[in-house]
Amino acid sequence: MRYKVRIFLMLTIISTALYMLMLLFFSGSYHFLGKLDLFAEHRFLSCFVGGIILAIVTTVCIMLFSKDTKGQNEILSEFEENGYSDRYISLLQSEVRRHSIEYRSNNHKNNINYIECLERLADAYLFKEQVNEAMSTLNLINPEMRSWMAANNNLFVKKQLSGYYDVQMCICEELRDVQRANNVMREGSLYVSKAGIDHSALDLVNCEVLCTYNIVIGNYNTAMQYASFCLQAKNPAHQFTGNLLMSKVYYYIGDFESAKRYRDAAASIGFKREKAKQDLIAYFDKKYLGSM
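Quick caveat, the model's predicted, so the values are computed rather than measured. (Residues numbered from 1 in each chain as written. Predicted model: local features only at pLDDT ≥ 70, side-chain atom pairs only at ≥ 80, totals over all residues. Heavy atoms only, no water.)

1. Description of the packing of helix α12 (residues 236-253) against helix α14 (residues 274-287)
- Running from N to C, α12 and α14 point in directions that differ by 0 degrees, and their axes come no closer than 12 Å. Considering their axes alone, α12 and α14 lie roughly parallel with respect to each other. Seen from α12, the contacting residues are Phe-240, Leu-244, Ser-247 and Lys-248; seen from α14, they are Lys-277, Leu-280, Ile-281 and Phe-284.
- Of the residues in the contact of α12 with α14, the class split is five nonpolar, one polar and two charged. (Axes fitted to C-alpha atoms, helices over the stretch in contact; angles between N-to-C directions. Helix = DSSP H or I, 4+ residues; strand = E, 2+ residues; numbered from the N terminus. Parallel < 35°, antiparallel > 145°, perpendicular 65-115°, else oblique. Contact = heavy atoms within 4.5 Å. Nonpolar A, V, L, I, M, F, W, Y, C, P; charged D, E, K, R; others polar.)

Shown next as structure tokens:
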């Protein structure tokens, strides 16, 4: 996004300078303009022409920024209305392709929107049980990108880094791969080890990562502690996730009655992305409780 900001600032400066020059020229100060001195008698006309120039520049600037905004809004809207639909995945694939071209053409400058789309697409593939596609998509978030996120102080960027480890850990659970989980945690321990502190969005995502990690390695008591912390969140989405995590822990230790109780608690929570919630409950029932 930095190069777009530079373009925006440059165009703003140019348009402002042009407008000021126009007012000077058309004010009658420069009589060599001859017939254009009529603007000195019609200040409204000069302001109108200046407004047109500014409108053109503004339109160009909006066009520069609208691709990212339109793509993101369309993806979020589809997810909220239809959950993990085929169109949702198609929109993500299209946005990833666009960002990938932009990423290469701009000398590999990091773009958090690109990273977010990759995480969402990997998560969607995992939901569809396409584990190989999920892994290959997540691998596009390379070490350079992860280092950039780690060094960035923006909270949203930090949350996306934790989101990367969250999807990675879900892949580890799907594969039942303890060694892979340990490798992921070895890299991510500096960023997600401090969890269960303040119920912030970042803190809760870290709890989800650590809960899944402890499930994978069989440390269910610790996993339950992190799931319990998510249950205390004010955000319904994190409460929903906390209940599913708790249900999952009880499933793995063989307490199916408690697993069903927490699953039902998750299903009863209402929040904006209702269709996505229903999809996740159906997926959860099929993967876990369906075998009970």
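2. Concerning helix α5 (residues 112-127)
- The end-to-end C-alpha distance of α5, which contains 16 residues, comes to 22 Å, matching closely the 22 Å that a straight helix rising 1.5 Å per residue would cover.
- Burial analysis of α5 places 15 of its 16 residues in the buried class, the great majority of the element.
- Of the residues flanking the start of α5, the one acting as N-cap is Asn-111, its side-chain oxygen 2.9 Å from the backbone nitrogen of Asn-113. (Expected span 1.5 Å × (residues − 1). Buried < 20%, exposed > 50% of the residue type's maximum accessible area, 1.4 Å probe, protein only. Polar contact = N/O pair within 3.5 Å; in protein donor to acceptor, adjacent residues only side chain to side chain.)

3. Quick notes on the environment of Ile-281
- Relative to the elements of secondary structure, Ile-281 occurs in helix α14.
- Judged by its relative accessible area of 7%, Ile-281 is buried.
- Through-space distance from the C-alpha of Ile-281 to that of Phe-240 is 10.0 Å; in sequence the pair is 41 residues apart.
- Excluding residues within four positions of it along the chain, Ile-281 makes contact with Phe-240, Leu-244, Arg-263, Ala-266 and Ala-267.

4. Details of the packing of aromatic side chains
- Counted according to the given criterion, the structure contains 15 aromatic pairs.
- Seen from their ring centres, Tyr-251 and Tyr-288 are 5.3 Å apart, and the 75 degrees between their planes marks the pair as edge-to-face. You can see Tyr-251 sitting in helix α12 and its partner Tyr-288 sitting in the segment after α14, a full 37 residues away along the chain.
- Overall, Tyr-251 belongs to the buried group, its relative accessible area being 16%.
- Classification of Tyr-288 as buried rests on a relative accessible area of 4%.
- Pairwise contacts between aromatic rings join Tyr-220, Tyr-251, Tyr-252, Phe-256, Phe-284 and Tyr-288 into one cluster.
- One residue, Arg-120, lies across the ring of Phe-79, its end atom 5.9 Å from the ring centre. (Phe/Tyr/Trp six-rings, centres within 6.5 Å; stacked < 30°, edge-to-face > 60°. Lys NZ or Arg CZ within 6 Å of the ring centre and 35° of its normal.)

5. Things to note about the nonpolar core
- Residues Tyr-88, Ile-141, Met-169, Ile-171 and Cys-211 are the most contacted members of the largest nonpolar core, which totals 71 residues.
- Here Tyr-88 is in contact with Ile-75, Glu-78, Phe-79, Gly-83, Arg-120 and Ala-124, once residues within four sequence places are set aside. (Core = buried A, V, L, I, M, F, W, Y, C linked by side-chain atoms within 4.5 Å.)

6. Remarks on the packing of helix α10 (residues 201-216) against α12
- Close contact between α10 and α12 brings their axes to 11 Å; oriented N to C, the two are set at 10 degrees. Relative to α12, the element α10 is oriented roughly parallel. Of the two possible hands of crossing, α10 and α12 adopt the one that is left-handed. Counting all contacts with α10, which are made through Ala-201, Leu-204, Val-205, Glu-208, Cys-211, Thr-212 and Ile-215, the residues of α12 involved are His-238, Thr-241, Leu-245, Lys-248, Val-249 and Tyr-252.
- Looking at the contact of α10 with α12 residue by residue, the classes come out as eight nonpolar, three polar and two charged. (Left-handed = near helix turned anticlockwise from the far one by under 90°.)

7. A look at the confidence of the model for the protein chain
- Confidence in the prediction of the protein chain, expressed as mean pLDDT, is 82, and 74% of residues score 70 or more.
- Taking the mean pLDDT of every element in the protein chain, the minimum, 48, falls on helix α2 (residues 38-41) and the maximum, 97, on helix α6 (residues 131-138).
- Contacts of residues 28-40 to residues separated by more than four positions or lying in other chains number 16 contacts, the stretch itself having pLDDT below 50. (pLDDT = per-residue confidence, 0-100.)

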